[in-house]
Number of protein chains: 2
Amino acid sequence: MSVPAPDHDVFAAGDVVLQCGLTLRDAKLAYKCHGTLNRERSNAIVFPTRYSGRHGDNEYLIGEGMALDPKKYFIIVPNLLGNGVSSSPSNTPPPFDRARFPNVTIHDNVMLQRRLLVEKFGVDRLALAIGWSMGAQQAYHWAALFPDRVERLAAIGGSARTSHHNFVFLEGVKAALTADAAWNGGWYEKPPTVGLRAMARVWAGWGLSQAFYRQELYKTMGYASVEDFLVGWWEGLFLQRDANNLLALIWTWQHGDISANGTYNGDFGKALGAIEAKALVMPGSTDLYFPPEDNEYEVARMKHATLRPIPSIWGHYAGGGRDKEAVKFMDDRLKELLAS
Amino acid sequence: MSVPAPDHDVFAAGDVVLQCGLTLRDAKLAYKCHGTLNRERSNAIVFPTRYSGRHGDNEYLIGEGMALDPKKYFIIVPNLLGNGVSSSPSNTPPPFDRARFPNVTIHDNVMLQRRLLVEKFGVDRLALAIGWSMGAQQAYHWAALFPDRVERLAAIGGSARTSHHNFVFLEGVKAALTADAAWNGGWYEKPPTVGLRAMARVWAGWGLSQAFYRQELYKTMGYASVEDFLVGWWEGLFLQRDANNLLALIWTWQHGDISANGTYNGDFGKALGAIEAKALVMPGSTDLYFPPEDNEYEVARMKHATLRPIPSIWGHYAGGGRDKEAVKFMDDRLKELLAS
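Residues numbered from 1 in each chain as written. Chains lettered and ligands numbered in written order. Predicted model: local features only at pLDDT ≥ 70, side-chain atom pairs only at ≥ 80, totals over all residues.

**A short note on the sheet that holds strand S4 (residues 74-78) of chain A**
All names here are of chain A. The strand order across the open sheet formed by eight strands is S1-S2-S4-S3-S5-S6-S7-S8, and the pairing between neighbours is mixed. Each edge of the open sheet carries a strand with a single partner, namely strand S1 (9-17) and strand S8 (305-307). Within this sheet the neighbouring strands show an average axis-to-axis angle of 20°, counted without direction. Examined bridge by bridge, strand S2 (residues 23-34) and S4 share four bridges and lie antiparallel to one another. Bridge pairing links Tyr31 to Pro78 in S4. Here helix H9 (residues 292-300) sits on the sheet in contact with strand S7 (278-282) and S8, set at roughly 155° to S8. (Pairing = 2+ DSSP bridges. Helix = DSSP H or I, 4+ residues; strand = E, 2+ residues; numbered from the N terminus. Axes fitted to C-alpha atoms, helices over the stretch in contact; angles between N-to-C directions. Contact = placed C-beta atoms within 7 Å.)

**Thoughts on the packing of helix H3 (residues 164-178) of chain A against helix H4 (residues 193-207) of chain B**
Contact pair H3 of chain A / H4 of chain B: the axes reach a minimum separation of 8 Å and the direction vectors enclose 155°. The angle between the axes of H3 of chain A and H4 of chain B places the two elements in the roughly antiparallel class. Read as a crossing pair, H3 of chain A and H4 of chain B show a hand that is left-handed. Of the residues in H4 of chain B, those touching H3 of chain A at His165, Val168, Phe169, Glu171, Gly172, Ala175 and Ala176 of chain A are Arg197, Ala198, Arg201, Val202, Ala204 and Gly205 of chain B. Here the contact of H3 of chain A with H4 of chain B is composed, by residue class, of seven nonpolar, three polar and three charged. (Parallel < 35°, antiparallel > 145°, perpendicular 65-115°, else oblique. Left-handed = near helix turned anticlockwise from the far one by under 90°. Nonpolar A, V, L, I, M, F, W, Y, C, P; charged D, E, K, R; others polar.)

**Some details on the domain arrangement of chain A**
Considered domain by domain, chain A is made up of domain 1 (9-163 + 258-339) and domain 2 (166-250). Residue composition of the side of domain 1 of chain A that touches domain 2 of chain A, by class: twelve nonpolar, eleven polar and one charged. (Domains from an automatic or database assignment.)

**Observations regarding the relation of the copies chain A and chain B**
In screw terms, the move from chain A to chain B is a rotation of 180° and a rise of 0.0 Å along the axis, fitting with an RMSD of 0.0 Å. Considering both components of the superposition, the chain copies are consistent with a two-fold axis. Across chain A, the smallest distance between a C-alpha and the rotation axis is recorded for Ala176 of chain A, namely 2.2 Å. When you check the interface residues of chain A against chain B, 100% turn up at the interface there too, and the contact is symmetric in its surfaces. (Least-squares fit on C-alpha atoms with pLDDT ≥ 70 in both.)

**Let's talk about the sheet that holds strand S3 (residues 44-46) of chain B**
Residue and element names in this part refer to chain B. Pairing within the open sheet is mixed, and its eight strands lie in the order S1-S2-S4-S3-S5-S6-S7-S8. Only two strands of the sheet have a single neighbouring strand rather than two, namely strand S1 (9-17) and strand S8 (305-307). For this sheet, the mean inter-axis angle between neighbouring strands, taken without regard to orientation, is 20°. Taken together, the seven bridges between S1 and strand S2 (residues 23-34) define a ladder with antiparallel strand orientation. Opposite Val16, over in S2, you have Leu24 as the bridge partner. Packing against the sheet, helix H2 (residues 134-145) makes contact with S3, strand S5 (128-132), strand S6 (152-156) and strand S7 (278-282), and its axis sits at approximately 155° to S5. Here helix H9 (residues 292-300) sits on the sheet in contact with S7 and S8, set at roughly 155° to S8.

**Topic: the interface of chain A and chain B**
Taken together, the contacts link 30 residues of chain A with 30 residues of chain B. When contributions to the side of chain A that touches chain B are tallied by element, the ones reaching two or more residues are H3, helix H4 (193-207), helix H5 (210-214) and helix H6 (226-239) of chain A. In terms of residues, the side of chain A that touches chain B owes the most to one element, H3 of chain A, which gives nine residues.

**Describing the environment of Val10 of chain A**
Its place among the elements puts Val10 of chain A in strand S1. Each residue touching Val10 of chain A, except ones within four places of it in the same chain, is listed here: Lys28, Leu29 and Ala30 of chain A.

**Thoughts on helix H6 (residues 226-239) of chain B**
With 14 residues, H6 of chain B should cover 20 Å at 1.5 Å per step; its first-to-last C-alpha distance of 18 Å lies within 8% of that length. Looking at the buried positions of H6 of chain B, the neighbouring elements they touch are H3 of chain A together with H4 of chain B. (Expected span 1.5 Å × (residues − 1).)

**Quick word on helix H7 (residues 243-254) of chain A**
All names here are of chain A. Here H7 contains twelve residues, and its C-alpha end-to-end distance of 16 Å stays within 8% of the 16 Å for a straight helix at 1.5 Å per residue. Judged by how many residues are buried, H7 sits mostly within the fold: ten of twelve residues are covered. Those residues of H7 that fall on the buried side of the exposure criterion are Ala243, Asn244, Asn245, Leu246, Leu247, Ala248, Leu249, Ile250, Thr252 and Trp253. Considering only its buried residues, H7 is in contact with helix H1 (106-121), helix H2 (134-145), H3 and H4. (Buried ≥ 20, exposed ≤ 12 C-beta atoms within 10 Å, placed from the backbone.)

**Digging into unusual backbone geometry**
Residue and element names in this part refer to chain A. Omega for the bond connecting Pro94 with Pro95 falls within 30 degrees of zero, at 5°, which places this linkage in the cis form. In this structure, Asp26 is a non-glycine residue whose phi angle is positive, near 55°. With respect to the helices and strands, the residue Asp26 is situated in strand S2. Unlike most non-glycine residues, Arg98 shows phi in positive territory, near 45°. One can find Arg98 in the loop between S4 and H1. Exposure remark for Arg98: the 20 C-beta atoms within 10 Å place this residue in the buried category.

The following block contains the structure:
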């Protein structure tokens, strides 16, 4: 009988001072590895998680014969702080627990991931930084913060800086969740389920495109009607999550900006221009909150970047693995990128 | 000293049996007229209100020298049932008050408007049915329900049938409002302000385009920042409204469908094909909930329809009067339509 491999490992990072000035004490960065680091330590790929995603959720782009092939690459999937697996409001002891969990930036996440790679694996150089959605935000930060250490960048359905509109969309989902008095400023004992369900319903319109609903693609996912989809998929998804974790991650997302640090001091153009990685930027062609236009702006200011929108009516979820044709499209582009 | 003209008139329609089977007792249809009916009664235009709008809100498209010139046309602006001026949850006496206000369809509205025109003004024929947003839904219904009585149709930022995606967007704003326990199933004594503010924040992302926020056009409206805009404009707007009225109108909107009646029995294609009016369909080119694609489908199935998207980054609000170039664009197209 084979013993199942552990689901993930944890990097105990000790006390980490965050950009906000608070200390994340006994910080834990959970991660999963695929493949083996080669002798030259030249085959490492970092592939951080998306909003509320976990390490297992990235596996649609990892596999033998795919671009991210564990036979060739050493692929590390770090969990975002706040996602419930790494240090989060839901698993941090008092006094920094729950509503008192500190504000964490993408920068904080990436600096911690860098420590994991250097301290744990002796990896100082990445063949690729890749991610979808908030994962793309992290990949962008990797390329901007370590321009001479990241050879390639693949940003799928994400941006280097959260746009105003994207910020406003998140204000809406946040407002829906926190309108539930049971949320109680984050000091709930029972989950604020009314707010979680409301948040889910708001997200349902944003996550997928108008055409996705027009063509009733939710039926291909096993839902008989719009309402069946809203309850079965969306509410079901958010009910499994902790409200404070969801809010912590929204704060992180809203403040994503590769130039919001001492290196670039808010000069977004400078940060984009500093990226040396060969970059592949793949928005979903019908994404409503990370629309291709924001990436166009970025790509025009980067040295070696190509914009390749994913032709898909799955909206933001074009990059998320459920659209099989989109997965093929991404994988083909990633093969080209990794071969270059 | 001049005496101000009365702001609007009211058509007392008596007891009206609605599509849902309930009776709207002592129904009141509030309206405002501009201009004078000619002897032939051939110059009437109906221009119903939008979601939560009131008769005064349509005046950006009415004026001397404009297409809708009160010197030439007799323009009637009826208020939607549920908008707080016509019969609404907020002004209907028990037992059909507040949460018990019956579900009203666009069809119910238009049949009542038809009675106003015939019974009060002897108008049996329209030179034009026009509206923006929910106003466009009503205009579409006019053209489909009275194909031989509506000469022209102008549907701005609206659709003949509410799309699934549009329905889901509305589920989101509804969920945000009703997540506030103070809403109390509609039986609040004090307004559920947390829910109203949450609804406003959700709507803020939908109402305008990504590019509107990218280019910071809220600054042209007198708001210094995104947050200033969210509170000052959006929350301010919704705090002035009654929650039950807002929800009643969402029900009406969600169920908008020109074929949902005994004439067409759900055959949407047949209803579109029955429209005889010369039709001008003007979606906002960046509208997120009434996107041009839905109108393309409709125009392809209508006899005499032209699609003319309004070039604007004001999203849904392209048709709402704040984008002055869009007003000029619409007015020019309306002049062409009325001259034909």
